[in-house]
Amino acid sequence: MQFYASQASEHVGGRSVVVPSGRCIGGGSSVNFMLYNRPAASDFDAWEKDYGNVGWSAKDLIPMLQKGQIGKEFIELGPKFEKDRPKTDEANALNVESINAFHAMPKWISSDGRRSDVAHHYIYQKHIANLSVFDGCLVNRVVIENGVAVGVEYLFDKRIYESSPQDTRIVKARKLVIVSGGAMGSPLILERSGIGRKDVLQRAGIPVVVEIPGVGENYQDHALIITPSLMDPAVESLNPLFRGDPETWAKALEQWEEDGSGLLGNNGFDGGYPESRGHVHIESSDPYAAPNFLAGFLSSPIDVAALRWAYKKGRELTRRLPSFRGAFDMGHPQFSHDSPAALKDTAPVSLEAANIVYTAEDDLAIDTYMRQNVETAWHSLGTCAMKPFDQGGVVDSQLNVYGVKNLKVADVSIPPSNVNSNTYSTAIAIGEKAAAIIAHELGGCL
Ligand SMILES: Cc1cc2nc3c(=O)[nH]c(=O)nc-3n(C[C@H](O)[C@H](O)[C@H](O)COP(=O)(O)OP(=O)(O)OC[C@H]3O[C@@H](n4cnc5c(N)ncnc54)[C@H](O)[C@@H]3O)c2cc1C
């Protein structure tokens, strides 16, 4: 894992939030929580309509998602409480019926019917004759000659190969260089290659090859807040798994091995469209140096208002669940004892119970709680955005980096706008789409 510490910010109670990414073959896909869901069709349509990226609409990307893929109580109660929000068994259709509906989260499923990371699905189980994988290497920069990407400069990562010499080596590229370092890694590789904001490059002592002001800007994530409740211990939950209970793990693993179901076959949680933006930039030419990272969480008041709304809505739903036994108060805003919002329920309320009324003071308590507790949802994206250059874009709709020939970026740094879902499915769709674009350009087909 690699951990990126953001600058401390007043918007998150003066804290420095820490955002992880997977530093291994398979990246985030190999360390993630395996929650799998797809964005709304309108998310992808916006990439095409709002930013002019022809070929990136939902119609184009749904087949890409399909190429890579072949808490019951809550789902039952949800539609009874929120009568205008239905339940669906098909959450993947990206249509009106499946969006904003209650559903079990679908999963990324490999050809053997189980969830998989990209390393297992695309590399380990295939025999690809013309693929070489250099693991434990750190890319320093893309080598650019006369405006053309001609190779990649790398070194053996001393955090993995402790005594490795730190001289750099170059792999030459005859046709294309594709940068896929993720939303945290790709902008840093571009900047060390001399591609980025002039002041950033100059401060780091890197000669400017192409000035692209958008590199490393537009950083986004989803804001994560967990407000736990106590529940009836007789109800089966993921808790013993999270606690590491050996008996539960043994049973769950056995079930998983047998038919891929059981607790380990479960999905555990939801996105949103944050308004806040941050950045990630190099501070020096040293590839090991920590970047200048600002997560930007809750810097827009719109995001605070959205979390306040979500807290209230979520609380109303949870207190109606038959297994509800009270709010776990340390994980909730601190309301005054005489407020109607105080955490007094210790048993479920009826479906028809009146909603809690919050005072201005209660709202402030919620906002403060959100600022002090919001965390990463592990969904970094947008730092090499696929947009027109004059709107802060870094790559065009064929994933070409502006102003450099034979250089593309393909990972979740390219979404020009956010998706309302966990980001793994989007990463897969971008990878599949990139493969189609590259195969077409190189005269092949998929
Ligand atoms: C802890 C965690 C939990 C998550 N949970 C979920 C989930 O449950 N569901 C979901 O849908 N999504 C989840 N995600 C998000 C999802 O995994 C990511 O959106 C996805 O992996 C992004 O893919 P990517 O290829 O763009 O980048 P990454 O997966 O980050 O891959 C980038 C790769 O490039 C490497 N790299 C970067 N810089 C360099 C360099 N200079 N030299 C060499 N290599 C470099 C990195 O080490 C990494 O291997 C989670 C992510 C994390 C970190």
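Definitions and limits used
Residues numbered from 1 in each chain as written. Predicted model: local features only at pLDDT ≥ 70, side-chain atom pairs only at ≥ 80, totals over all residues. Heavy atoms only, no water. Pairing = 2+ DSSP bridges. Helix = DSSP H or I, 4+ residues; strand = E, 2+ residues; numbered from the N terminus. Axes fitted to C-alpha atoms, helices over the stretch in contact; angles between N-to-C directions. UniProt positions renumbered as here; feature names shortened; annotations may be inferred. Near = heavy atom within 4 Å. Polar contact = N/O pair within 3.5 Å; in protein donor to acceptor, adjacent residues only side chain to side chain. Areas by Shrake-Rupley, 256 points an atom, 1.4 Å probe, with all protein chains shown as cover. Domains from an automatic or database assignment. Contact = heavy atoms within 4.5 Å. Buried < 20%, exposed > 50% of the residue type's maximum accessible area, 1.4 Å probe, protein only. Phe/Tyr/Trp six-rings, centres within 6.5 Å; stacked < 30°, edge-to-face > 60°. Lys NZ or Arg CZ within 6 Å of the ring centre and 35° of its normal.

Notes on the sheet that holds strand 4 (residues 148–156)
Within the open sheet, the 3 strands sit side by side as 3-4-5. Their pairing is antiparallel. Sheet topology places strand 3 (137–145) and strand 5 (169–172) at the edges, where each strand pairs with a single neighbour. This sheet shows a mean twist of 30 degrees between the axes of neighbouring strands, independent of strand direction.

Concerning the UniProt feature "domain: Glucose-methanol-choline oxidoreductase N-terminal" (unreviewed entry) in the chain
Per the UniProt annotation, the sites labelled "domain: Glucose-methanol-choline oxidoreductase N-terminal" (unreviewed entry) are residues 22–45 and 182–196. Annotated as 21% helix and 0% strand, the span residues 22–45 places its first and last C-alpha atoms 29 Å apart. End C-alpha to end C-alpha, residues 182–196 measures 16 Å, and it is 73% helix and 13% strand.

Topic: the site of the ligand
In the region of the ligand, 29 residues are neighbours, and Cys-24, Gly-28, Leu-35, Val-139 and Thr-423 sit closest. Within the contact set of the ligand, an oxygen atom lies 3.3 Å away from a backbone nitrogen or oxygen of Gly-22. The contact in question runs from a nitrogen atom of the ligand to an N or O atom on the backbone of Val-139, over 2.7 Å. Across the complex, the protein chains shield 85% of the 990 Å² of accessible surface that the ligand would expose by itself. Elements with a contribution of two residues or more to the shell around the ligand: strand 2 (18–21), strand 3, helix 5 (182–192) and helix 11 (424–441). Per-element tally for the shell around the ligand: the top contributor is helix 5, with 4 residues.

Points about the pairing of strand 3
Sheet topology note: the strand 3/strand 4 ladder contains 8 bridges and is antiparallel. Following the sheet pairing, Cys-137 is matched in strand 4 by Phe-156. Linking strand 3 back to strand 4 in an antiparallel pair, the connection comprises 2 residues, with Asn-146 at a positive phi of about 50 degrees.

Focus: the domain arrangement of the chain
Partitioning the chain into domains gives domain 1 (1–69 + 108–221 + 381–446) and domain 2 (223–270 + 299–373). Distance from the C-alpha centre of domain 1 to the C-alpha centre of domain 2: 34 Å.

Regarding the UniProt feature "binding site: FAD" (unreviewed entry) in the chain
As annotated by UniProt and renumbered to match this structure, "binding site: FAD" (unreviewed entry) occupies Val-139, Trp-378 and His-379. Examined against the element boundaries, Val-139 turns out to sit in strand 3. Residue contacts for Val-139: discarding those within four places in its chain leaves Val-152, Glu-153, Tyr-154, Ile-189 and Arg-192. Summarising the element assignment, Trp-378 is placed in the loop between strand 14 (375–376) and strand 15 (407–409). Residue class for Trp-378 comes out partly exposed when judged on its relative accessible area of 34%.

Section: the packing of aromatic side chains
Each aromatic ring pair is specified by the distance between its two centres and by the angle formed by the two planes. Tallying each qualifying case throughout the model produces 9 aromatic pairs. Aromatic pair Phe-44 and Trp-47: ring centres 5.1 Å apart, planes at 80 degrees, arrangement edge-to-face. Here the residue Phe-44 and the residue Trp-47 both occupy positions in helix 1 (residues 41–49), the gap between them amounting to 3 residues, near one helical turn. With 5.6 Å between their ring centres and 75 degrees between their planes, Phe-156 and Tyr-161 make a pair best called edge-to-face. Accessibility expressed as a relative area gives 23% for Phe-156, which makes it partly exposed. By relative accessible area, Tyr-161 is classed as partly exposed at 32%. Grouping aromatic residues by their ring pairs yields a cluster made of Phe-134, Tyr-154, Phe-156 and Tyr-161. Over the ring of Tyr-288 we find Lys-158, and its NZ or CZ is 4.4 Å from the ring centre. Of note, Lys-433 hangs over the ring of Trp-56, and the distance from its end group to the ring centre comes to 5.8 Å.

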